[in-house]
Amino acid sequence: MKKKNREANNSNHRMKTIIGTDLELARQLLEAGELVAIPTETVYGLAANALNPDAVVKVFAAKDRPSFNPLIVHVASWQDVPQYVLDIPDDFHRLAERFTPGAITFLLPKNNRIPDLVTAGSPKVAVRIPAHPLAQALLRKLPFLLAAPSANPFGYASPTTARHVLDGLGGRIPYILDGGPCQVGLESTIVDIAEGEFIIRRKGGVAVEDIAAVLGGPVFVRVGADEHPVAPGQLKRHYATRTPLFVGDLQELAGRSAGREICVIAFGNNAEGLQPKCLLQLSGQGSLAEAARNLFAVLRQADHCEASVILAGWVPEEGLGTAINDRLRRAAHDPLPLP
Ligand code: TXA
Ligand code: MG
C-alpha cells in the first residue's frame, strides 16, 4: 500500500531534473512558465515568472507549500522596483543604498501588476535584489520579476548548493542553475515599516544591528512564532531535521544523552571533551559569518549521520548569531530539554 502511494506521488511529479550553468536555457524555461532553481548569495531560490499566476502555482505545488504563504519577488536593481509598487519610503532608499544588492528584503505596498497569489492576498509585496552574479545576469535577461521562495520542500532546511536542491526537488523541476555554494548561507533579513516604525519580520543575512546603525533610530524585531505569522516562514517548526535536534548547553545536553549515539554540531571549542559518533563544526575559529555559511549544509549532514539525536549549542546572540540561533530554535524538537 505504501509503495503504491509512493509510485502515485512520483508519477505526479516525475520529470528529469538537470543541473547546469546554461543561462539561456534558464531564461527560455522561465519565459515558458516553467520553474528554475536559481543561486543567490543567501540560499537557492525556486523561481517562476511572478507575473504569471499559472507559473506561480507550480512553485507552491513543487514545494508542497501552503498557498497562504507569500513569495519574495526578485529584481535586478532598485530602479526596477517603482513599476510594481505604490510607494517607497525614503528610509528604505537609505537601506537599499547600503545593503543592495544583498541579503535584505523590503515589504512594500504593491500595485495591481503583482498577482494576489504572490503575496497571498497581502497588500504588501516582499522585494529582494540578489547580488549573486548568475541571478543578476538572469534577471537582466528577463522582462519580468521572479517569485522565488527557498528551493526546498516546505518545512525542511534551505538549500545552499545545487546538490541540496536536487536532493529535495529532483524529479519535480526541470532545471537547476548551478552557481556554486551560497556565500551568506542564511535567508535574507525582511524589513517592514508599519505605523511609522521599522520592523524586522525575519532575521537573516544582514544583521539587525547594521540596519539600526544606518537608520540611526529604533528598530523593532517582530518575528512571531504563532499559527498566523506575518511572515509564515517564521512558523515555529521549520528547517526541521528528521533526527530529533536539541539545542542548549552542549556539555549538559551530552551528559543527559549518555548511552545514545549522538551527532554534535559544534561552534568554536564548545564541544571540547565530547566524543560523539559524529562531530560537525559550524566554524572552528568561532566566526559567525562562517557558521551562517555552513549552517544548512551541516543540518543536512547531521541528518545523514544516523545518530539517535543531534545536539547543538547556541552561538553568541549577536550580529548574524541571532539569525543562526533563530534557525536552530525552529529546527529543534519540542520539548527542549531532553525527555
Ligand atoms: O534569501 C531569501 O530571502 C531567499 C532567496 C531565495 O531570495 N528566499 C526565501 O524565501 O527565503 P522563502 O519563501 O523561503 O521565505 C520568504 C519569507 C517567508 O517567511 C514569507 O512568509 C515571507 O518571506 N514573505 C514573503 N512575502 C511576504 C509578504 N508580502 N508579507 C510578509 N511576509 C512575506
Ligand atoms: Mg524558506
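A quick note: this is a predicted structure, and the numbers were derived from the prediction, not measured.

Cut-offs and rules
- Residues numbered from 1 in each chain as written.
- Chains lettered and ligands numbered in written order.
- Predicted model: local features only at pLDDT ≥ 70, side-chain atom pairs only at ≥ 80, totals over all residues.
- Heavy atoms only, no water.
- Axes fitted to C-alpha atoms, helices over the stretch in contact; angles between N-to-C directions.
- Helix = DSSP H or I, 4+ residues; strand = E, 2+ residues; numbered from the N terminus.
- Parallel < 35°, antiparallel > 145°, perpendicular 65-115°, else oblique.
- Left-handed = near helix turned anticlockwise from the far one by under 90°.
- Contact = heavy atoms within 4.5 Å.
- Nonpolar A, V, L, I, M, F, W, Y, C, P; charged D, E, K, R; others polar.
- 1 Å grid on protein atoms, 1.4 Å probe; cavity = no way out; pocket = protein on both sides within 12 Å on 5 of 7 lines; lining within 4 Å.
- Points joined across faces, edges and corners; volume = space filled by probe spheres on them.
- Pairing = 2+ DSSP bridges.

Enquirer: Before we go on, may I ask you to explain the packing of helix α4 (residues 90-99) against helix α8 (residues 208-215) in this structure?
Expert: When two helices pack together, their arrangement is given by the angle between the helix axes and by the axis-to-axis distance. With their axes 10 Å apart at the nearest point, α4 and α8 run at an angle of 125° to one another. The angle between α4 and α8 falls in the class oblique. The two elements α4 and α8 meet at a crossing, and its hand is right-handed. Mapping the contact onto sequence places Asp91, Arg94, Leu95, Arg98 and Phe99 in α4 and Asp210, Ile211, Val214 and Leu215 in α8. In terms of residue class, the contact of α4 with α8 is made up of five nonpolar, no polar and four charged.

Enquirer: What is the right way to look at the layout of surface pockets in this model?
Expert: By volume, the second largest pocket is sized at about 260 Å³. Going through the elements one at a time, α7 (162-169) and α10 (288-304) are the ones with two or more residues in the lining of the second largest pocket. The residue inventory of the lining of the second largest pocket, partitioned by class, reads four nonpolar, five polar and five charged.

Enquirer: Quick question: what am I supposed to make of the sheet that holds strand β15 (residues 309-313) here?
Expert: Sheets are built from strands paired through backbone hydrogen bonds, the pairs being either parallel or antiparallel. With parallel pairing, the four strands of this open sheet are ordered in space as β12-β15-β13-β14. Where the open sheet ends on each side, the last strands, each with one partner, are β12 (245-248) and β14 (278-281). Within this sheet the neighbouring strands show an average axis-to-axis angle of 20°, counted without direction. The pairing of β12 with β15 spans four bridges and is parallel. Looking at β15, one finds that Phe246 is bridged to Leu311. α10 contacts β12, β13 (262-266), β14 and β15 of the sheet and is inclined by roughly 170° relative to β14.

Enquirer: What's the story with the packing of helix α2 (residues 23-31) against helix α6 (residues 133-141) in this structure? I'm lost.
Expert: At a minimum axis distance of 10 Å, the contact between α2 and α6 shows a crossing angle of 50°. Considering the angle they form, α2 stands oblique to α6. Considering the relative orientation of α2 and α6, their crossing is right-handed. In this structure, α2 contributes Leu23, Glu24, Ala26, Arg27 and Leu30 to the contact, and α6 contributes Leu134, Ala137, Leu138 and Lys141.

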